[in-house]
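A look at the structure
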Amino acid sequence: PEYLPDASPEEQYRFALARALQNDLETAENAFVEFGELHPEHERAVDALFWQGRVQFIQGQFEKAATTFSKFNALYSTDPRISDTTLWIAESVAKFANAEQACTIYENLGQFLDQPPESFVARLAELSASAGCSS
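Residues numbered from 1 in each chain as written. Predicted model: local features only at pLDDT ≥ 70, side-chain atom pairs only at ≥ 80, totals over all residues. Heavy atoms only, no water.

Turning next to helix 5 (residues 82-96). Here helix 5 contains 15 residues, and its C-alpha end-to-end distance of 21 Å stays within 8% of the 21 Å for a straight helix at 1.5 Å per residue. Burial within helix 5 is extensive, with 11 of its 15 residues counted as buried. Looking at the buried side of helix 5, the elements it contacts are helix 3 (45-58), helix 4 (62-75), helix 6 (99-109) and helix 7 (118-131). (Helix = DSSP H or I, 4+ residues; strand = E, 2+ residues; numbered from the N terminus. Expected span 1.5 Å × (residues − 1). Buried < 20%, exposed > 50% of the residue type's maximum accessible area, 1.4 Å probe, protein only. Contact = heavy atoms within 4.5 Å.)

See below:
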């Protein structure tokens, strides 16, 4: 491994998470990406992908974060964090997409959630209004 220690997958995951929690975001991102490449079937792969997206978002890498969270949603549609990742897609889109693209994406984001929390619905409505989307 280039970024991860030569250790068990669990120790590698903990290393990447520790980097994120210590605000060493670039190392954390690279470590989470590497973890996913080395251990795509490991039980921590879902968590690594989730944290990869969070770290990208925190770093202001909004297009990368939206892509990572979209991949997360596609692979792990039953994960309890799906409303969070879907909202972070919307928040990311607000930072990089033009209004027309944003409105199309916002319109389609609801399909990821069977029963979106009220906070999700309210924030998505705010983002849609900010982009000038028609309801």
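Next comes the rest of the description.
A disulfide bridge is the covalent bond that connects two cysteines by way of their sulfur atoms. The final tally for this structure, using the stated rule, is 1 disulfide. At a sulfur-sulfur separation of 2.0 Å, the disulfide partner of C103 is C133. Its torsion about the S-S bond being -95°, the disulfide of C103 and C133 is classed as left-handed. Placement of C103 in helix 6 and of C133 in the segment after helix 7 is noted, with a sequence separation of 30 residues between them. Look at C103 and you get buried, because its relative accessible area is 18%. (Disulfide = S-S within 2.5 Å.)

Our focus in this paragraph is the nonpolar core. F57, F69, A90, V93, Y106, L109 and L124 are the most contacted members of the largest nonpolar core, which totals 24 residues. Every element with two or more residues in this core is listed here: helix 3, helix 4, helix 5, helix 6 and helix 7. In terms of residues, this core owes the most to one element, helix 5, which gives 6 residues. Residues contacting L109, with those up to four places away along its chain left out, are T86, I89, A90 and L124. (Core = buried A, V, L, I, M, F, W, Y, C linked by side-chain atoms within 4.5 Å.)

A few words now on unusual backbone geometry. Backbone geometry places N23, a non-glycine residue, at a positive phi of 65°. Tracing the sequence through the fold places N23 in the loop between helix 1 (9-21) and helix 2 (25-38).

Interhelical geometry of helix 1 versus helix 3 gives an angle of 20° and a closest axis separation of 11 Å. Considering their axes alone, helix 1 and helix 3 lie roughly parallel with respect to each other. Once helix 1 is placed against helix 3, the crossing between them reads as left-handed. Taking contact as the criterion, the partners of Y13, L17 and A20 in helix 1 are, on helix 3, D47, A48, W51 and V55. Across the contact of helix 1 with helix 3, the residue classes break down as 6 nonpolar, no polar and 1 charged. (Axes fitted to C-alpha atoms, helices over the stretch in contact; angles between N-to-C directions. Parallel < 35°, antiparallel > 145°, perpendicular 65-115°, else oblique. Left-handed = near helix turned anticlockwise from the far one by under 90°. Nonpolar A, V, L, I, M, F, W, Y, C, P; charged D, E, K, R; others polar.)

Quick look at the environment of P1 now. Structurally, P1 is set in the segment before helix 1. Owing to a relative accessible area of 58%, P1 belongs among the exposed residues under this scheme. In this structure the C-alpha to C-alpha distance between P1 and L49, which are 48 residues apart in sequence, comes to 17 Å. Setting aside its immediate chain neighbours within four residues, P1 contacts Q12, E34 and L38.

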